Amino acid sequence: MVNTSVTLCGLPMDNPIIPASGTFGFGYEFADWYDINLLGTFSFKGTTREPRYGNPTPRIAETASGMLNSVGLQNPGVHAVIAEELPRLKKVFHKPVMANVSGFSEEDYVYTCQLLDKEPQVGWLEVNISCPNVHNGGMSFGTLPESAMAITKAVKAVTTKPVIMKLSPNVTDIASIAKACEEGGADGISLINTLMGMRLDLKKRKPLLANVTGGMSGPAVFPVALRMVWQVYNAVSIPIVGLGGVSSAEDVIEMMLAGATAVQVGAANLVDPYACKTILEDLPRVMEQLKIDSLSEIIGGAH
Amino acid sequence: MKKSIFTLRSQNEIAPRTFELVLNGDTDDLDKPGQFVNIRIQGYYLRRPISVCNVTPGRLTLIYKVVGSGTEVLSRMTVGDELELLTGLGNGYDLTAAGDCPLLIGGGAGVPPMYLLARKLAEAGKRLTVILGFNTAAEVFYEDKFKALGAKVLITTVDGSAGIKGFVTNAMEGLDYSYFYTCGPGPMLKAVYDSSATEGQFSFEERMGCGFGACVGCTCETKYGNKRICRDGPVLVKEEIKW
């Protein structure tokens, strides 16, 4: 019997598999396909202070071995998440959940994190300072070490649960941003959010996405994500959640060897609702093939 | 909702670049007209959502138009090839609202889902009128199939080369109907909305990520809040639509 358990920022998990925010809704959509309690946890849909409709459609475009999205943080707002989504989730998911939070100002982040921190179902706060699809916020906080640190400090000051800062790959030096978050008191780092990209409609000679640009995800971004996890592992001593194009049990192990303590699976859930379940089923076999007894022992093992 | 493997039984080009694809597989989740399947195509990351044209136990018929390289690959698949489908997606049409003499309006790629709907309504003893809109005579398909169900069929073509010259709304003028169901391109749906005399249901199209409600890529605003075309739709009722 192989051991798939890991500990993320002090909280034990049966396995390191976490569906990524924005690809798993508030969980219950996937409970129609399989028992989501199989998962380590999942990161719920990015939640903001106020309800958000998001961007106009089309919001989705295909790329070679991946996709672009410009959803733009559509969510019902933190009050509805607490009043409606979390009680609904409670019926189908019985583990601590990762609460993904976005904002447009330091006050927004503080307000939303403070409320979600009090929810018993929430195990970790994942603070998204890297959404490429909203203007005047989102990614702008995650592209400068100073603002990344400021948000981290502000959130840490009002919360008790582990705070994981979710970083953007659209920066020149990912390690400096991660270090700033660590200095600000972050308990962990997750990366990468999507890479900014775009496609054109050749017949209309116009951008395919109504928002013009979108965030790229899927297997095409995996090597970029892996490289950044590697660099951040060298730069910080707090745990890393690796994500970006992960689609198989082998990808999970590769991410962990590069330095990830846990691994998120994003776009793969959208093309195959069973993606995470399949990864979990494959994991013990792949571990045995690679002579891995315990996943927690391989974290950063390639360094 | 189910994920399963279907086997290609036949594929025919029934109009220029329009293919009728018949698949064998598990159809248990596919009894509602207006639902769709999401097909994985080798070499393409996102699935292709295609509405159900007809279904009998173990056999699924889809009609699609080649609009890009993904559907081009699909059109070259041959008998015995396997396809992985997500089935039972979308809410589908509500048949209980039909009344005695419903009107069905399909335009172009919106014609196929009208067939299963017409079949079910015909089986329920309804007197059907069906309007099928195309650009030109060469594009017309399934006219005889709808007639075989006992429906009164009106064809419209933009260039007048078959049936009534003009749009589906030209054929709607003066018709007496208890309710209507429609599927077609956005501008057609809006025109139907404006010219319709009764309540009705509209099936919408949008670029989708997942097709089952997870990514909220296909959200639209309705009078009752945000809805996902893939999960809360694709069918919306007339009174909730915001254009």
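### Thoughts on the overall build of chain B
And step 1. Along its length, chain B carries 5 helices and 15 strands.
And step 2. The C-alpha atoms of chain B give 17 Å as radius of gyration, which agrees with the globular expectation for 243 residues (18 Å, within 12%).
And step 3. Its C-alpha atoms put chain B at 50 × 40 × 35 Å along the principal axes.
And step 4. Going through the 243 residues of chain B one by one, you find that 48% of them count as buried.
And step 5. Taking contacts inside chain B between residues at least 6 apart in sequence as the whole, the part at least 24 apart equals 61%.

### Focus on the interface of chain A and chain B
And step 1. At the interface, 27 residues of chain A touch 21 residues of chain B.
And step 2. Contributions of two or more residues to the side of chain A that touches chain B are made by helix 1 (28–31), strand 4 (60–63), strand 5 (66–69) and helix 8 (268–271) of chain A.
And step 3. Split by residue class, the side of chain A that touches chain B holds 12 nonpolar, 11 polar and 4 charged.

### Observations regarding the sheet that holds strand 4 of chain A
Residues and elements named next belong to chain A.
And step 1. Spatially, 4-5-13-10 is the arrangement adopted by the 4 strands of the open sheet, whose pairing is antiparallel. Because the sheet does not close on itself, it has two edges, and the strands there are strand 4 and strand 10 (195–197). Pairs of neighbouring strands in the sheet enclose a mean axial angle of 35°, with direction left out of account.
And step 2. One ladder, built from 4 bridges, connects strand 4 with strand 5; its direction is antiparallel. Across the sheet, the residue bridging to I60 is N69, located in strand 5.

### Focus: the sheet that holds strand 15 (residues 235–237) of chain B
Two orientations exist for strands paired in a sheet by backbone hydrogen bonds: parallel and antiparallel.
Residue and element names in this part refer to chain B.
And step 1. Reading across the sheet, the 7 strands line up as 10-9-8-7-11-12-15 and stay open at both edges, with mixed pairing between neighbours. Here the strands that pair on one side only, and so sit at the sheet edges, are strand 10 (164–165) and strand 15.
And step 2. Taken together, the 2 bridges between strand 9 (residues 152–157) and strand 10 define a ladder with parallel strand orientation. Each bridged residue has a counterpart across the sheet, and for T157 the counterpart in strand 10 is K165.
And step 3. Each of strand 7 (103–107), strand 8 (129–134), strand 11 (180–183) and strand 12 (200–203) is contacted by helix 2 (residues 112–123), which is oriented at about 160° to strand 7, the strand it contacts most.

What counts, and at which threshold
- Residues numbered from 1 in each chain as written.
- Chains lettered and ligands numbered in written order.
- Predicted model: local features only at pLDDT ≥ 70, side-chain atom pairs only at ≥ 80, totals over all residues.
- Helix = DSSP H or I, 4+ residues; strand = E, 2+ residues; numbered from the N terminus.
- Rg over C-alpha atoms; globule rule 2.2 N^0.38 Å.
- Buried ≥ 20, exposed ≤ 12 C-beta atoms within 10 Å, placed from the backbone.
- Contact = placed C-beta atoms within 7 Å.
- Nonpolar A, V, L, I, M, F, W, Y, C, P; charged D, E, K, R; others polar.
- Pairing = 2+ DSSP bridges.
- Axes fitted to C-alpha atoms, helices over the stretch in contact; angles between N-to-C directions.

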